[in-house]
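Structure at a glance
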Amino acid sequence: MTDHPPHAAASDDGGQKSRKLLIGVIAGIIIVIVAAVFLTLNVTVTTGVSGDSLPYVTHYNVALPDGEAVTIGSSRIAVMAYNDSVTTDVDGNREQLVVGQTRIISPRHAKITTLGIPLYNADFQFTLQYLGSTGTKDNFDLTVKTSQQIPTFLLDRLMPASVNAKLA
């Protein structure tokens, strides 16, 4: 007769418990790191540009709220429609546009960092083309030109929810 030691089964359970504990600790560390990356994601926009060309272009159809200021990038934009025209106020500079007319907003520089590590540096410029008004919203084709390719999810972070931006 061979007797198995009573501790053999207990050591097998201990091995499974330690593996589960190790997997739980690793999963916890991964969750903390991912959360830290997202929580420290920072987009800094400045007026100092490098002068690089802007070969990458993305178009959005945007509906800006009539009479309310919104911030896109770091530009404060307010629009007010009257008949077939709209007054655009970008960072305190007003300009009147008629349907089909465009307004170029001065170039900016964006720097994206997470955990203090720079991920992206690029110049960008917005162009607004007035498409008309629907009463409470003024519709524009917003063209974003950049010096480097920007992932769409990062561009979308520049657009406030009140703008109703859709890729064109």
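Notes on the structure follow. (Residues numbered from 1 in each chain as written. Predicted model: local features only at pLDDT ≥ 70, side-chain atom pairs only at ≥ 80, totals over all residues. Heavy atoms only, no water.)

1. A few points about the packing of aromatic side chains
Going by this rule: Geometry of aromatic contacts follows a simple scheme: Phe, Tyr and Trp rings, the Trp one being its six-membered ring, pair when their centres are within 6.5 Å, and the pair is stacked under 30 degrees between planes, edge-to-face over 60, tilted otherwise. Secondary structure elements follow DSSP: runs of H or I no shorter than four residues count as helices, runs of E no shorter than two count as strands, and numbering proceeds from the N terminus. Each residue is assigned to one of three classes by its accessible area relative to the maximum for its type, calculated with a 1.4 Å probe on protein chains only: buried under 20%, partly exposed between the two thresholds, exposed over 50%.
Under the criterion given, the structure shown has 2 aromatic pairs. Taken together, a centroid distance of 5.4 Å and an interplanar angle of 50° make the contact between Tyr 130 and Phe 140 tilted. Taken together, the positions of Tyr 130 in strand E8 (residues 117-133) and Phe 140 in strand E9 (residues 137-146) put the pair 10 residues apart, joining distant regions of the chain. Judged by relative accessible area, Tyr 130 falls into the buried class, the value being 1%. The class of Phe 140 is buried, set by a relative accessible area of 0%.

2. Considering the sheet that holds strand E4 (residues 75-82)
The strands making up a sheet are joined through hydrogen bonds of the backbone, oriented either antiparallel or parallel. Convention followed: At least two bridges found by DSSP between two strands are what make those strands a pair. For helices, the fitted axis covers only the stretch in contact; all axes are lines through C-alpha atoms, and the angles between them, taken along N-to-C directions, range from 0 to 180 degrees.
Taken in spatial order, the 4 strands line up as E3-E4-E5-E6 in an open sheet, and their pairing is antiparallel. Each having just a single partner strand, strand E3 (69-72) and strand E6 (93-98) make up the two edges of the open sheet. Neighbour-to-neighbour, the strand axes of the sheet open up by a mean angle of 30°, direction not taken into account. By the bridge criterion, 4 bridges tie E3 to E4 in an arrangement that is antiparallel. When the bridges of E4 are listed, Thr 71 appears paired with Arg 76.

These figures capture arrangement, not role.
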